[in-house]
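A closer look at the structure
Residue-level listing of the chains:
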Amino acid sequence: MGTRAPSDEALRAAAARRARREREERHRQDRWRTRLRWILLVFALLAVAAFLADLKNVTRRVGEYRTTGGAGPRPGDAADIVRGLDDPPYADPSGLFRVVPPRHWVRLAQPPAGFFNVVFQGPFDMDMSVHAAATNGATFAQLVEQLRRIERGLSANTHMDFAYVGPYRAVKRSVQLYRSRVLLLDFLTGDLAHHVQFSAPPHLYDEYEPVFLRLMQTYEPGTLMAVPAPGGP
């Protein structure tokens, strides 16, 4: 007995099933390609975001290098000093002045050569030194002339200018040394003469000079200690 040929209806049903399977397979492939495109897009966005973040960090690091010579932000840098302008002041033991020291700078126990009342040392080989002493009634004009006479004697040019420390007019000078540049401030308050100097590396000076001048607005001059009368208590 021979094999019976499939009917037209059976052939159409088989063809329909095959077409349905092909459509389902195409749909699965389309869904996978769509999912793959989204995955690739997400990775691309993450890569771009990472690149931009790294570029921002590189820009910041380059800026820090240009500012600090590669050392990076450190306690006692310009931003730290500005944040510390409201810190408690340092008071001279003899009552000659009070001033807020640069934040995180270290006060030397024994100022070198005994000339300065106090010396603070900071990062990047910077320092701040203060000297206050009796004037014997000197005037501001006499102070200016004395400083000019010293300059002529040393054949030096310190770019003399003027600034203010609170309400007090000050002679503002700067001098370039071998490894540092120094900002010098000299002013008078009553019977006291004040000399303050800031030393910074030349490549940092322009950044720190306005910070030092702001810091000097915390300077409060004192008075000479009263001398007991002979035979007094």
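Notes on the structure follow. Quick caveat, the model's predicted, so the values are computed rather than measured.

Let's shift gears to the packing of aromatic side chains. Here a ring pair, both rings aromatic, is described through the centre-centre distance and the interplanar angle of the planes. Counted under the stated rule, the structure contains 9 aromatic pairs. Measuring from ring centre to ring centre gives 4.9 Å for F115 and F116, while their planes differ by 80°; the resulting arrangement is edge-to-face. By relative accessible area, F116 is classed as buried at 15%. Between Y208 and F212, the ring centres sit 5.8 Å apart and the planes meet at 40°, which makes this aromatic pair tilted. With a gap of 4 residues between them, Y208 and F212 both fall in helix α4 (residues 202-215), about one helical turn apart. Of the residues examined, F212 reaches a relative accessible area of 1% and is grouped as buried. Within the aromatic cluster, the residues linked to one another by ring pairs are Y90, F97, F120, F187 and Y219.

Right, let's get into the side chain of D80. Topologically, D80 is positioned in helix α2 (residues 78-83). Not counting the four nearest positions on each side in its chain, D80 is found in contact with P75, R103 and H104.

So, about the nonpolar core. Counting 33 residues, the largest nonpolar core has F97, M128, V196, F198 and Y219 as the members making the most contacts within it. Counting residues per element, the ones that place at least two in this core are α2, β2 (97-99), β4 (118-121), β5 (127-134), β8 (181-189), β9 (192-200) and α4. Among the elements that line this core, the one with the most residues is α4, at 6 residues. When residues no more than four places from it in sequence are discounted, the contact partners of Y219 are F97, R98, V99, V130, A132, V165, F187, H194 and V196.

Conventions we followed
The residue numbers shown here count from 1 along each chain, following its written sequence. Note on the predicted model: pLDDT of at least 70 is required for a residue's local features to be given, and 80 or more for side-chain atom pairs to be given and counted; whole-chain, interface and lining totals, by contrast, use all residues. Derived side-chain values reflect all non-hydrogen atoms in the structure, with water molecules and hydrogen atoms excluded from consideration. Geometry of aromatic contacts follows a simple scheme: Phe, Tyr and Trp rings, the Trp one being its six-membered ring, pair when their centres are within 6.5 Å, and the pair is stacked under 30 degrees between planes, edge-to-face over 60, tilted otherwise. Each residue gets one of three labels from its accessible area relative to the maximum for its type: buried under 20%, exposed over 50%, partly exposed in between, using a 1.4 Å probe on protein chains only. Helical segments are the DSSP runs of H or I of at least four residues, strand segments are the runs of E of at least two, and each set is numbered from the N terminus. Note on definitions: a residue-residue contact is assigned when non-hydrogen atoms from the two residues lie within 4.5 Å. Here, the term nonpolar core denotes a set of buried Ala, Val, Leu, Ile, Met, Phe, Trp, Tyr and Cys residues that are joined through side-chain atoms within 4.5 Å.

Take it as geometry only, folks, not as evidence of what the structure does.
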